[in-house]
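Each chain is listed here by its residues.
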Amino acid sequence: MKKLPLLGGITPAVFLRDYWHKKPLVIRQAIAGFTPLLDTKTLFALAAREDVESRLVSRTTKKPGWAMQHGPFNSLPGPAPKSAAWTLLVQGANLHDAAADALLRQFRFIPDTRLDDLMISYAVEGGGVGPHVDSYDVFLLQAHGQRRWRIGAQRDLTLVEGLPLKVLRNFVPEQEFVLDPGDMLYLPPHYAHDGVAIGECMTYSIGFRAPAYQELGEAFLQFMGDTIDLPGRYADPDLKPTSHPAQIDGAMLAQIAEQLQKVRFTDDDIAIFLGEYLSEPKASVVFSPPTRALSAVRFAQSAARRGVALARKTQMLYRGAHVFINGESFGVNRPDRTSLAALADERAINGASLAGVSEDVREALYLWYCDGWLSLGPV
Ligand code: SIN
Ligand code: CO
């Protein structure tokens, strides 16, 4: 892969080898001449929506010193003294804005299974969320105005008690940088940081996801619960009278243990589980079906000319003979696999490449179109 200005002139391979999960990187003018993709009016309008996750973090003069509210916000505080400085955090801006989506996708040298969302923060002078660590890697791109970042590799991650947000009790900054628009800071997980707005500013966080094993395990057992097949029912034709009626007898235990040990899972089960799990849209996501959907025949004719493109909110993954889209999975044969893998990787496919797909895939594409999961491509 070629060297990217986005990564300060190094290749993704070098970035992943030397920095990813390892150490911070400041990239001056990662995007030269960067200007905000959304103006504040548009950002505040997003924060007023039910289907957009937003938070307002403010400093308070009264104890405990910080306050946090969850959106939607129909109004926001105005300019504030430093003692009441506030910041608005809008999650998932990429789901609602084409330019924000395009920016997030510049980071697709990292797989979609790891990429989470683009969060936009707006802060008044002195605004921030306090010194903290995140569980995930993050790229912090300065979009407007300036922000002073102080960062440190401390081990002591004790939090201030009684706060509505996670603020480190003993923050020990080791480095300090002032970021201008277009500058970007990469931080590995659990690296302490505190960003404070110098004047009004906006920062874009390119965030990643790394599911906790416990969360995966619980979801996997639920998935297996829906798929296991254990025919038959407990039986004891040789039952003998008991003088300890409350005791679970050994024969019962042995028989049931033998049956439960038939619950097995293969790598294929794990692949299907993972594909469905990781492609599941977040709870707040609402798709927009076409206002006047074409008939299946008209759709197929148009798709053959224009191709199709995945909706911004669609998550599509694949593995071997399995294709996953928005939490659903299905098995596909080899020619279909090539076309659907191309659609998932490129997020669009031209009409010619759809020519050879099976009737099943044609039907699926039409259903996805009707659900707003994809649309016809450009003419
Ligand atoms: C912010 O943009 O204000 C906070 C981002 C972060 O520190 O993770
Ligand atoms: Co952070």
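For the structure, check the block above.
Below: a short report on this structure. (Residues numbered from 1 in each chain as written. Chains lettered and ligands numbered in written order. Predicted model: local features only at pLDDT ≥ 70, side-chain atom pairs only at ≥ 80, totals over all residues. Heavy atoms only, no water.)

Further remarks concern the pairing of strand 12 (residues 322-325). Burial along strand 12 is two-sided: His 322 and Phe 324 facing one way and Val 323 and Ile 325 facing the other are all buried. Note that strand 11 (residues 316-319) and strand 12 share four bridges and pair antiparallel. The partner of Leu 317 across the bridge, within strand 12, is Phe 324. Count of turn residues in the strand 11/strand 12 antiparallel hairpin: two residues, of which Gly 320 carries a positive phi of about 55 degrees. In this sheet, strand 13 (residues 328-331) lies alongside strand 12 in antiparallel orientation, the contact comprising four bridges. In the sheet register, Phe 324 faces strand 13, and the bridge partner there is Ser 329. (Buried < 20%, exposed > 50% of the residue type's maximum accessible area, 1.4 Å probe, protein only. Helix = DSSP H or I, 4+ residues; strand = E, 2+ residues; numbered from the N terminus. Pairing = 2+ DSSP bridges.)

Let us look at the environment of Tyr 234. If you trace the backbone, Tyr 234 turns up in the loop between helix 4 (213-227) and helix 5 (250-260). For Tyr 234, a relative accessible area of 31% corresponds to the partly exposed category. Separated by 93 residues in the primary sequence, Tyr 234 and Leu 141 have C-alpha atoms spaced 61 Å apart. In this structure, Tyr 234 is in contact with Met 252, Gln 255 and Ile 256, ignoring residues within four places of it in sequence. (Contact = heavy atoms within 4.5 Å.)

What follows concerns the coordination of the cobalt ion (ligand 2). Distances from the cobalt ion (ligand 2) to its protein donors, His 132 (NE2), Asp 134 (OD) and His 193 (NE2), fall within 2.0 to 2.1 Å. Between the donor residues of the cobalt ion (ligand 2), the gaps in sequence give the motif H-x1-D-x58-H. (Donors = N, O, S within 2.8 Å, 3.2 Å for Na, K, Ca; no water.)

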